[in-house]
Amino acid sequence: MIKKIFLLFISLSVTRLYANIPDIEMIFVKGGNFLMGNENGRADEKPQHRVCVDSFYISKYEVTQKEWQAVMGNNPSCFVGENHPVEKVNWYDAIEFCNAYSKMKNMEPCYKIDRDTKDEMNLSRKDKYRWTVTCDWNANGYRLPTEAEWEYAAGGGNKKSNTIFSGSNNINEVAWFLNNAGDESSPDHGP
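Just so it is clear, the model here is predicted, and its values are computed rather than measured.

1. Quick notes on the environment of Gln69
Argument step 1. Topologically, Gln69 is positioned in helix H2 (residues 65-72).
Argument step 2. In this structure the C-alpha to C-alpha distance between Gln69 and Glu82, which are 13 residues apart in sequence, comes to 8.7 Å.
Argument step 3. Gln69 has contacts with Asn74 and Asn75, leaving out every residue within four places of it along the chain.
Argument step 4. A distance of 3.5 Å separates a polar atom in the side chain of Gln69 from the backbone nitrogen of Asn75.

2. Examining the environment of Pro85
Argument step 1. Mapped onto the secondary structure, Pro85 falls in the loop between H2 and helix H3 (91-104).
Argument step 2. Relative accessible area serves as the criterion here: at 23%, Pro85 is assigned to the partly exposed category.
Argument step 3. With 21 residues separating them in the primary sequence, Pro85 and Thr64 have C-alpha atoms 4.2 Å apart.

3. Brief notes about unusual backbone geometry
Argument step 1. Look at the link from Lys46 to Pro47: it is a cis peptide, with omega at -5°.
Argument step 2. Summarising the element assignment, Pro47 is placed in the loop between strand S2 (32-36) and strand S3 (49-53).
Argument step 3. Of note in the backbone geometry, Lys88 takes a positive phi value of approximately 70° without being a glycine.
Argument step 4. With respect to the secondary-structure elements, Lys88 resides in the loop between H2 and H3.
Argument step 5. The class of Lys88 is exposed, set by a relative accessible area of 59%.
Argument step 6. Notably, Asn106 is not glycine yet its phi reads approximately 55°, a positive angle.
Argument step 7. Inspection of the secondary structure puts Asn106 in the loop between H3 and strand S5 (111-118).
Argument step 8. In this structure Asn106 comes out as exposed when scored by relative accessible area, which is 59%.

4. Observations concerning the nonpolar core
Argument step 1. By size, the foremost hydrophobic cluster in this structure holds 9 residues: Val29, Phe34, Met36, Val51, Val53, Phe56, Ile58, Ala148 and Tyr152.
Argument step 2. Mapped onto this core, the elements with two or more residues apiece are S2, S3, strand S4 (56-59) and helix H4 (147-154).
Argument step 3. Ala148 has contacts with Phe34, Met36, Val51 and Val53, leaving out every residue within four places of it along the chain.

5. Observations regarding the side chain of Ser77
Argument step 1. Relative to the helices and strands, Ser77 is located in the loop between H2 and H3.
Argument step 2. Accessibility expressed as a relative area gives 9% for Ser77, which makes it buried.
Argument step 3. A distance of 2.9 Å separates a polar atom in the side chain of Ser77 from a polar atom in the side chain of Asn75.
Argument step 4. One polar contact links the side chain of Ser77 to the main-chain amide nitrogen of Glu87, over a distance of 3.1 Å.
Argument step 5. Ignoring anything within four residues of it in the chain, the contact list for Ser77 reads Gln65, Pro85, Val86, Glu87 and Lys88.

6. Brief notes about a nonpolar patch on the surface
Argument step 1. A contiguous nonpolar patch, built from Ile164, Phe165 and Val174 and spanning about 270 Å² of accessible area, is present on the exposed surface.
Argument step 2. Mapped onto the elements, Ile164 comes out in the loop between H4 and helix H5 (171-174).

Definitions and cut-offs
- Residues numbered from 1 in each chain as written.
- Predicted model: local features only at pLDDT ≥ 70, side-chain atom pairs only at ≥ 80, totals over all residues.
- Heavy atoms only, no water.
- Helix = DSSP H or I, 4+ residues; strand = E, 2+ residues; numbered from the N terminus.
- Contact = heavy atoms within 4.5 Å.
- Polar contact = N/O pair within 3.5 Å; in protein donor to acceptor, adjacent residues only side chain to side chain.
- Buried < 20%, exposed > 50% of the residue type's maximum accessible area, 1.4 Å probe, protein only.
- Core = buried A, V, L, I, M, F, W, Y, C linked by side-chain atoms within 4.5 Å.
- Patch = residues over 30% accessible without salt bridge, like charges linked within 9 Å, V, L, I, M, F, W, Y side chains within 5 Å.
- Areas by Shrake-Rupley, 256 points an atom, 1.4 Å probe, with all protein chains shown as cover.
- Salt bridge = Lys/Arg side-chain N within 4 Å of Asp/Glu carboxyl O.

Structure (structure tokens):
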């Protein structure tokens, strides 16, 4: 009797634990070749060059505050709303999220984070951490897209849209930014 109750307790606890794991919607992006960069853009977008990316999955939407809370146990956002994108996170926070989400999904985390060893190749004066981070590209867990994957997906992947912005030539149709986000007193102000 005690054994059955104990197993039922474990079963209910495991069910409750897994019930709180968010399902982040992923979409498949078929790999291909594309011209990365922009000859008419900023200096860090030049020179434009041909890049080949393998097929990959990418989150369909930004990580919401509800998803972040379920995985990380906190919400660092300034503009609070469970379906709003999480903000006030840095790159290190994002890779820690990827590792934690991978573990929740019983997958092998991609990132090894060494907080004790400074990355000597990281010359950014803005990076106060400069932790050494390595990515295991063979791990089956979640990771951030590479710069090339991000640009390829934002440009429509192998169905390239040939638009200036991701999906349109009119930034107001596809982006929420300073010029169209309303003023601070507006209920829609924020991300």
